[in-house]
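# A structural walkthrough
The primary structure of each chain is shown beneath.
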Amino acid sequence: MSYSNMSEIIRALKNNMASQVAWLKSCQILSPGSSADGAIGRYPDQGWVMPYFANFAAMALLEDVNAHLLVERYLNWYLANLEDDGTIKDYHYDEDLNAKKASPDSEDAYAGSYLSLVATYHERTRKTNWVRKNLPALKKVANCIVNLTDRDGLTFALAKYRVKYLMDNCEVYRGLADFAGLLDYLGDREASFFDARAKAVATGIEKSLWDARKTCYYPSKTSWWLRPGVNLKKFYPDATCQLFPALYGLIEPGSDRGTNLYELFNSNHPDWLTIKPPDYPWVILGYCASLHGDYKRAYEKLRYVREEYIATKSGNWFCAEAAFFVLTCARLLQRSGEWLFAGN
């Protein structure tokens, strides 16, 4: 590959990343004084807010130093709308920003992904005063995870839906571990408690959801002992969930297990690169590929969704997909020396 071609790829990644950051900004409700201020919707000019997806959108906005205050407004919105038990509902705002609540898709993953966002926000901004000011509310979010935890260490998706998903628990592990690290930085005595909770989730995943015989993970556990079988030909959740332990740091992507699971996923679903509308594009898989050092597939995923979803303005392009587009662009740019310039 010539240097001119490599430079063109770098330029395209930067431009496409900036374009999607701008698109994500347009999804945010900015109305000072309103209870809706800071919320990030699934789409621009729509009031449908799913905090789980919004957490990813805010994480992507942290890639733009000029958007850090926007992320803080989102963080404030989330905390201002907590339920008494530390969970949060989905919100639907009308044109006058009047809100209706709806049941969330999950409670454990919403909280876990929010805690990781908070930790990353602090890492990027070092706004320790914001964290200290909101520490009681942040611990409330963390304790809602604790309250959803079963005796095997795994969390239920919802207090009223007693299923323990691998995907959710990976996000919960990461969130608790990140929050424990943040508390340790602050010198807070509860750091060790939440670190122990994170380790309990990791132990629960290994003991309850790893199938050593088939060398893959069960996608869920529906009771104290019952685990549905794994059908790796089933794209979601059976196959896709195999990538989440590496995605959230439970195993190393380059470890034997991480590598085997990634290869297993690709062998069963080689067409993930070219998922077409009306299906969701699953850009998170491109980000997973980049973590495994598979930069070529990660780049091809971005190129494909740019043509098939972004350029065509597909309705299945929403804030979480845009978020992982941005995060994958950022990682490819950060690691350009490992894939674009290697050997040149």
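So, how was this worked out
- Positions within a chain are numbered from 1, following the residues in the order the chain's sequence is written.
- Per-residue local features are limited, in this predicted model, to residues with pLDDT of at least 70; the limit for side-chain atom pairs, both in listing and counting, is 80 or more; totals at the level of whole chains, interfaces and linings are taken over all residues.
- As a rule here, side-chain values cover all heavy atoms of the structure and leave hydrogens and water aside.
- Axis definition: a line fitted to C-alpha atoms, limited for helices to the stretch in contact. Angles are taken between N-to-C directions and run from 0 to 180 degrees.
- Segments assigned H or I by DSSP are reported as helices when at least four residues long, segments assigned E as strands when at least two residues long, and all are numbered from the N terminus.
- Each angle gets one of four labels, with under 35 degrees taken as roughly parallel, over 145 as roughly antiparallel, 65 to 115 as roughly perpendicular, and the rest as oblique.
- What makes a crossing left-handed is the near helix being turned counterclockwise from the far one by less than a right angle; a clockwise turn instead makes it right-handed.
- Two residues qualify as a contact provided that any one of their heavy atoms is within 4.5 Å of a heavy atom in the partner residue.
- Two strands make a pair as long as DSSP finds a minimum of two bridges between them.
- Here, a salt bridge means any Lys or Arg side-chain nitrogen found within 4 Å of an Asp or Glu carboxyl oxygen.
- Categorising residues by exposure relies on relative accessible area from a 1.4 Å probe, with only protein chains included: less than 20% of the type maximum marks a residue as buried, more than 50% marks it as exposed, and the intermediate range marks it as partly exposed.
- Side-chain atoms within 4.5 Å link the members of a nonpolar core, which is a set of buried Ala, Val, Leu, Ile, Met, Phe, Trp, Tyr and Cys residues.
- Only Phe, Tyr and Trp rings are paired, with Trp represented by its six-membered ring, and only when their centres lie within 6.5 Å; those with planes under 30 degrees apart are stacked, over 60 edge-to-face, the remainder tilted.
- Placement of a charge over a ring requires the Lys NZ or Arg CZ to be within 6 Å of the ring centre, with the centre-to-atom vector within 35 degrees of the ring normal.

### Some words on the packing of helix α2 (residues 51–61) against helix α13 (residues 319–334)
Closest axis-to-axis distance for the α2/α13 pair is 8 Å, and the angle between their directions is 30°. Comparing their axes, α13 and α2 come out roughly parallel. Two packed elements cross with a definite hand, and for α2 against α13 that hand is left-handed. In this structure, α2 uses Phe53, Ala54, Phe56, Ala57, Met59 and Ala60 to contact α13, whose residues at the interface are Cys319, Ala320, Ala323, Phe324, Val326 and Leu327.

### Overview of the sheet that holds strand β1 (residues 48–49)
What the 3 strands build is an open sheet, ordered β1-β2-β3; its pairing is antiparallel. Of all the strands in the sheet, the pair left with one neighbour each is β1 and β3 (99–102). Bridging between strand β2 (residues 90–93) and β3 involves 4 bridges; their strand directions are antiparallel. Of the residues in β3, the one forming a bridge with aspartate 90 is alanine 102.

### Brief notes about the pattern of salt bridges
Where charged atoms of side chains with opposite charge meet at close range, the side chains can pair. In this structure the tally under the stated criterion is 18 salt bridges. Glutamate 8 serves as the salt-bridge partner of arginine 11, at 2.4 Å between the closest nitrogen and oxygen. Residue arginine 11 and its partner glutamate 8 are located together in helix α1 (residues 3–25), separated by 3 residues, close to a single helical turn. Classification of arginine 11 by relative accessible area gives partly exposed; the value is 44%. Residue classification places glutamate 8 among the partly exposed residues on the basis of a relative accessible area of 40%. The closest approach of N and O atoms between lysine 164 and aspartate 150, which form a salt bridge, is 2.7 Å. Of the two residues, lysine 164 sits in strand β4 (residues 164–165) while aspartate 150 sits in the loop between α5 (128–147) and β4, which places them 14 residues apart along the sequence. Considered together, lysine 164 and aspartate 150 belong to a single accessibility category, that of buried residues. Overlapping salt bridges, with partners in common, bring together Asp150, Asp152, Lys164 and Lys221 in one network.

### Here we look at the side chain of serine 220
Position of serine 220 among the secondary structure elements: in strand β7 (residues 220–221). You can call serine 220 buried: its relative accessible area is 8%. Residues contacting serine 220, with those up to four places away along its chain left out, are Val163, Lys164, Tyr165, Leu166, Leu209, Arg227 and Pro228.

### Re the nonpolar core
Trp77, Tyr78, Tyr114, Leu117, Trp130, Leu138 and Phe179 are the most contacted members of the largest nonpolar core, which totals 122 residues. Once residues lying within four places of it in the same chain are set aside, the contact partners of phenylalanine 179 are Leu115, Leu135, Leu138, Lys139, Ala142 and Phe194.

### Structural notes on the environment of tyrosine 185
Mapping tyrosine 185 onto the fold places it in helix α6 (residues 166–186). Spatially, the C-alpha atoms of tyrosine 185 and isoleucine 251 are 24 Å apart, while their sequence positions differ by 66 residues. When sequence neighbours within four positions are dropped, the list of residues in contact with tyrosine 185 reads His122, Arg126 and Thr128.

### Section: the packing of aromatic side chains
Taken as a whole and assessed by the stated rule, the structure comprises 26 aromatic pairs. Plain terms: the ring middles of tryptophan 210 and tyrosine 217 are 4.7 Å apart, the flat faces sit at 65° to each other, and that makes the pair edge-to-face. You can call tyrosine 217 buried: its relative accessible area is 1%. Ring geometry for phenylalanine 244 and tyrosine 248: centres 5.7 Å apart, planes at 45°, overall tilted. Members of the aromatic cluster, each reached through a chain of ring pairs, are Tyr52, Phe53, Phe56, Tyr110, Tyr280, Tyr287, Phe318 and Phe324. A cation over a ring is seen here: arginine 162 above phenylalanine 156, with NZ or CZ 3.9 Å from the ring centre. Cation over ring: arginine 257 sits above tryptophan 210, and NZ or CZ is 3.7 Å from the ring centre.

Coordinates in, geometry out; function isn't part of it.
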